[in-house]
Amino acid sequence: MDMTTETTMLLWSVVLGLAQLIIAVVMANRDLGLPYNISSRDQPPGPLGKAAGRLMRAYNNFRETFPLFAASVLLVVVMHRQTNASALGAQLYFWARLVYVPVYAFGIQWVRTIVWTVSIIGLVMVLLAGFGLD
């Protein structure tokens, strides 16, 4: 399989997800402490600070959309339905998800919603290409 814009954005989205996970875990570890994080976690965790909570929620939000994006990209590539629209959609998804992290971390509410919407538009663009409707 050749690297396309869609698969390149998929690969970078995996890197982004991993980076988000690491950053959120490091921040949560700072708030919860090492004893809790190395425990069996039988008890619920204590409260997270504002920054760690936002980063964890941003990561969880990524986890909600990423499987849909990944499936859409893989189907478009396997079905050989890559188009300019699917490439643009994949780029919109990735770059919006990248911008989403600091926007959410700094609590910029309206911008966060707009950036999330752009990522969903990108995902839908890729999906529509899979249906041949772009």
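Refer to the preceding data block for the structure.
Residues numbered from 1 in each chain as written. Predicted model: local features only at pLDDT ≥ 70, side-chain atom pairs only at ≥ 80, totals over all residues. Heavy atoms only, no water.

**What about the overall build of the protein chain?**
Line of reasoning, step 1. Within the protein chain one finds five helices and zero strands.
Line of reasoning, step 2. Each principal axis of the C-alpha atoms in the protein chain carries an extent, and together these give about 50 × 35 × 20 Å.
Line of reasoning, step 3. Going through the 134 residues of the protein chain one by one, you find that 36% of them count as buried.
Line of reasoning, step 4. Of the contacts made within the protein chain by residues no fewer than 6 positions apart, 77% connect residues no fewer than 24 positions apart.
Line of reasoning, step 5. When the accessible surface of the protein chain is totalled, it reaches about 8,000 Å², and 69% of it is carbon and sulfur. (Helix = DSSP H or I, 4+ residues; strand = E, 2+ residues; numbered from the N terminus. Buried < 20%, exposed > 50% of the residue type's maximum accessible area, 1.4 Å probe, protein only. Contact = heavy atoms within 4.5 Å. Areas by Shrake-Rupley, 256 points an atom, 1.4 Å probe, with all protein chains shown as cover.)

**Description of the environment of Leu 88**
Line of reasoning, step 1. Here Leu 88 lies in helix α4 (residues 84-105).
Line of reasoning, step 2. Sequence spacing of Leu 88 and Met 125 is 37 residues, and the spatial spacing of their C-alpha atoms is 7.9 Å.

**So, unusual backbone geometry**
Line of reasoning, step 1. You will see that Arg 41, though not glycine, has its phi angle at about 60 degrees, which is positive.
Line of reasoning, step 2. By the secondary structure assignment, Arg 41 is in the loop between α2 (34-37) and α3 (50-78).
Line of reasoning, step 3. One non-glycine residue, His 80, lies in positive phi territory at about 55 degrees.
Line of reasoning, step 4. Secondary-structure assignment places His 80 in the loop between α3 and α4.
Line of reasoning, step 5. Residue His 80 is classed as exposed on the basis of its relative accessible area, which comes to 65%.

**Structural notes on the packing of aromatic side chains**
Line of reasoning, step 1. Considering all chains together, one arrives at four aromatic pairs under this definition.
Line of reasoning, step 2. Aromatic pair Phe 62 and Phe 66: ring centres 5.2 Å apart, planes at 20 degrees, arrangement stacked. Residue Phe 62 and its partner Phe 66 are located together in helix α3, separated by four residues, close to a single helical turn.
Line of reasoning, step 3. For the pair Phe 69 and Tyr 93, a centre-to-centre distance of 4.0 Å together with 15 degrees between the ring planes defines the contact as stacked. You can see Phe 69 sitting in helix α3 and its partner Tyr 93 sitting in helix α4, a full 24 residues away along the chain. As far as burial versus exposure is concerned, Phe 69 and Tyr 93 are alike and both buried.
Line of reasoning, step 4. Its guanidinium or amino end placed over the ring of Tyr 104, Arg 112 lies 4.5 Å from that ring's centre, counting from NZ or CZ. (Phe/Tyr/Trp six-rings, centres within 6.5 Å; stacked < 30°, edge-to-face > 60°. Lys NZ or Arg CZ within 6 Å of the ring centre and 35° of its normal.)

**Let's talk about helix α5 (residues 109-130)**
Line of reasoning, step 1. For α5, which comprises 22 residues, the first-to-last C-alpha distance of 32 Å matches the rise-based estimate of 32 Å (1.5 Å per residue) to within 8%.
Line of reasoning, step 2. For α5, the complete set of buried residues consists of Val 115, Ser 119, Gly 122, Leu 123, Val 126, Ala 129 and Gly 130. With its buried residues spanning 135 degrees around the axis, α5 presents them on a single face. Among the exposed residues of α5, those pointing more than 90 degrees away from its buried face are Gln 109, Trp 110 and Ile 114.
Line of reasoning, step 3. On its buried face, α5 is in contact with α3 and α4.
Line of reasoning, step 4. Phi for Gly 132, located one or two positions after α5, is positive at around 75 degrees. (Expected span 1.5 Å × (residues − 1). Arc of directions from axis to C-beta.)

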